[in-house]
Amino acid sequence: MHGVEHVMPVTRRPPVVMVEGEGSWLRDGDGRAYLDFVQGWAVNCLGHSPAVIREALAAQAARLINCSPAFYNAPMARLATLVAEASGLDHVFFCNSGAEANEGAIKLARKWGQLRRGGAFEIVTTHGAFHGRTLATMAASGKPAFEPLFEPKATGFVKVPLNDLDAVAAAITERTVGVMLEPIQGEAGVVPATDEFLRGLRDLTRERGVLLILDEIQTGIGRTGRLFGFEHAGVRPDILTLGKGLGGGVPLAALVASGEVSCFEPGDQGGTFNGSPLITAVGCAVFEAVRRPPFLAAVRESGDYLAARLRALSSDLGHGEVRGRGLLLALALTHGDADVVVQAAFARGLLINAPRPDTLRFMPALTVSRDEIDQMLKLLEGCLR
C-alpha cells in the first residue's frame, strides 16, 4: 500500500485501502466486500455514495462551489430554512464538523452569559459525554481518557452523572450559563438520557434561567427514528448542534439557536468554508430525503427489528442488554472482549464498532434492508460463538 506511511497515525487502521462503496457495502482495493454497520460513525445516513448526493454534488459543482461566507448563497439559505423550521429554532450557522458546531455552541452560550447572566460562563456537562476533539470540546467531554491530555485545556465545565436531575440542580450556580448533553451518549456505549430526565432538565433550566444545549451530532437527522432525538421527549433546546448525518458523508455540521439566544455579532464567529453552496446543496438533498414521514417510519421499523433480533441473540448466547433508539443501538457483552469481536467480524467481512471493551455499537445506513440486517446478525452470531 504505497503512500500510507505518510498518513499521520492518529488511529489504528487495518492494512487495507477502501476504494468504493454502495449502500450498506464497502469494497477494498483487493475487491473484498464488507457489510458496513458503522457507516463512518453514523455519518452516511443514506449509505455509501447514494444517487441523491452524487446528483446534488454534480449539479451544484457545475454552478457554484464556493463564493465565500461573506455572501449569502441559495443552498445555504434553503438548508437554514429547512433546519430552522423543522427544529422550531431560528438561526443556523453552518460549519464543517460536529466538534466545530459544539465549539460554537460553547462560545455562543458564553457570549449569552456575558450579556444576559452577569458574566456567567460555566457549562454543566455529563460523565461519559463526548463532544469533540478541540481543546474546549475535549474539556466539555466526560471521557476519562481525555483528562490528562493536552493540558491546560479550557476551564469552566462541571461534570455530573447522566440522568441525575438532583446532581444537575446542585451543580447550577450563579456562574452557570447552561447544561449541555447528548440525548444518547454515543462514545460512552449508547447510553440514553431518559425522556423523563430530559423533560425535567428542560423545566429545571427554564426555572433557573440557564440554557439547555443538546448535542445531536450523532442522534440528529433521523438516526433515532425521529428527525431530532429531542422529539421523543417533547422538549426543545435553546441551542442545538447537528453534524454527521446532516451531510450524509460530506463535511457539514450546524449550530442552531433560538432567536433569543442568538447573540453573535459580526466577527465573533466564522470559517472559510462554512456554509459553502457545494456542501449545503448536499445537506438540502439529504434533509429532504430523511425528513419524509415514510422514511422516518421505516427507520423506526428497522430499528425495532434490529433491536428485537439483537435481544434474541443476546439471550441465546448469555450476553447483556440492548440499548439505544432507532438505528443507534448497542449490545452489552457479559463475557469476552468487544475489540476481539470487532476484529473477528472484520475478518468475516462485517464492520461494527466497540466504543467500550464490553459494548458493540451498530450504526447502519438508515436505508439498511431487512435482508442486510439478517446477514449482519448471521455474521455476528458466528463471531460471538
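Just above sits the structure.
This text gives an overview of the structure that appears in the document.

Section: unusual backbone geometry
- The omega torsion of the bond from glutamate 151 to proline 152 falls at -5°, within 30 degrees of zero and hence cis.
- Relative to the helices and strands, proline 152 resides in the loop between α5 (135–140) and β6 (157–160).
- Although it is not a glycine, glutamine 39 sits at a positive phi angle of roughly 50°.
- Its place among the elements puts glutamine 39 in helix α1 (residues 39–42).

What about the pairing of strand β5 (residues 122–126)?
- Within β5, 5 of the 5 residues are buried, leaving the element largely enclosed by the surrounding structure.
- In this sheet, strand β7 (residues 176–181) lies alongside β5 in parallel orientation, the contact comprising 3 bridges. The residue of β7 that forms the bridge with valine 124 is valine 179.
- Bridge count between β5 and β6: 4 bridges; the pairing is parallel. When the bridges of β6 are listed, threonine 126 appears paired with valine 160.
- With α5 bridging β5 and its parallel neighbour β6, the resulting β-α-β unit is right-handed.

A closer look at helix α7 (residues 195–208)
- The terminal C-alpha atoms of α7, which comprises 14 residues, lie 20 Å apart, in line with the 20 Å expected from a rise of 1.5 Å per residue.
- Residues of α7 that are buried: Asp195, Phe197, Leu198, Gly200, Leu201, Arg202, Leu204 and Thr205.
- Elements in contact with the buried residues of α7: α6 (165–171), β7, β10 (211–216) and β13 (322–325).

Here's the deal with the pairing of strand β1 (residues 18–22)
- Where β1 and strand β2 (residues 25–28) come together, 4 bridges link them in antiparallel fashion. If you follow glycine 21 over to β2, its bridge partner there is leucine 26.

Some points on the environment of glycine 113
- Take glycine 113: it is sitting in helix α4 (residues 98–116).
- Along the backbone, glycine 113 and alanine 297 are 184 residues apart, and their C-alpha atoms lie at a distance of 39 Å.
- Contacts of glycine 113, omitting those with residues within four sequence positions, involve Gly118, Gly119, Ala120 and Val177.

A few points about helix α2 (residues 51–61)
- Those residues of α2 lying buried are Ile53, Ala56 and Gln60. Along the axis of α2, the buried residues cluster in a sector spanning 65°; they form a single face. Among the exposed residues of α2, those pointing more than 90 degrees away from its buried face are Glu55 and Ala59.

A word on the nonpolar core
- Grouped together as the largest cluster of nonpolar side chains are 84 residues, with contacts concentrated most on Phe37, Ile352, Leu360, Phe362 and Leu380.
- By residue number, the principal contributor to this core is helix α9 (residues 293–317), which donates 9 residues.
- When near neighbours in sequence (up to four residues on either side) are disregarded, phenylalanine 362 contacts Phe37, Leu306, Leu310, Leu327, Leu328, Leu329, Ala330, Leu331, Ile352, Met376 and Leu380.
- Counting 25 residues, the second-largest nonpolar core is a separate cluster that includes Leu108, Ala136, Ile217 and Leu255.

Re the packing of helix α3 (residues 74–87) against helix α8 (residues 277–290)
- Put simply, α3 and α8 touch, their axes get as near as 8 Å, and they point 35° apart. In this structure, the crossing between α3 and α8 has a hand that is left-handed. Taking contact as the criterion, the partners of Pro75, Met76, Arg78, Leu79, Leu82, Val83 and Ala86 in α3 are, on α8, Pro277, Thr280, Ala281, Gly283, Cys284, Phe287 and Glu288.

As for the sheet that holds strand β3 (residues 33–36)
- With mixed pairing, the 4 strands of this open sheet are ordered in space as β1-β2-β3-β15. This sheet does not close on itself; its edge strands, each paired only once, are β1 and β15 (350–351).
- Taken together, the 3 bridges between β2 and β3 define a ladder with antiparallel strand orientation. By the bridge assignment, arginine 27 is partnered in β3 with alanine 33.
- Here helix α11 (residues 370–384) sits on the sheet and contacts β2, β3 and β15; the angle it forms with β3, its principal contact strand, is near 105°.

Analysis parameters
- Residues numbered from 1 in each chain as written.
- Predicted model: local features only at pLDDT ≥ 70, side-chain atom pairs only at ≥ 80, totals over all residues.
- Heavy atoms only, no water.
- Helix = DSSP H or I, 4+ residues; strand = E, 2+ residues; numbered from the N terminus.
- Buried < 20%, exposed > 50% of the residue type's maximum accessible area, 1.4 Å probe, protein only.
- Pairing = 2+ DSSP bridges.
- Right-handed = clockwise from strand over helix to strand, strands pointing away.
- Expected span 1.5 Å × (residues − 1).
- Contact = heavy atoms within 4.5 Å.
- Arc of directions from axis to C-beta.
- Core = buried A, V, L, I, M, F, W, Y, C linked by side-chain atoms within 4.5 Å.
- Axes fitted to C-alpha atoms, helices over the stretch in contact; angles between N-to-C directions.
- Left-handed = near helix turned anticlockwise from the far one by under 90°.

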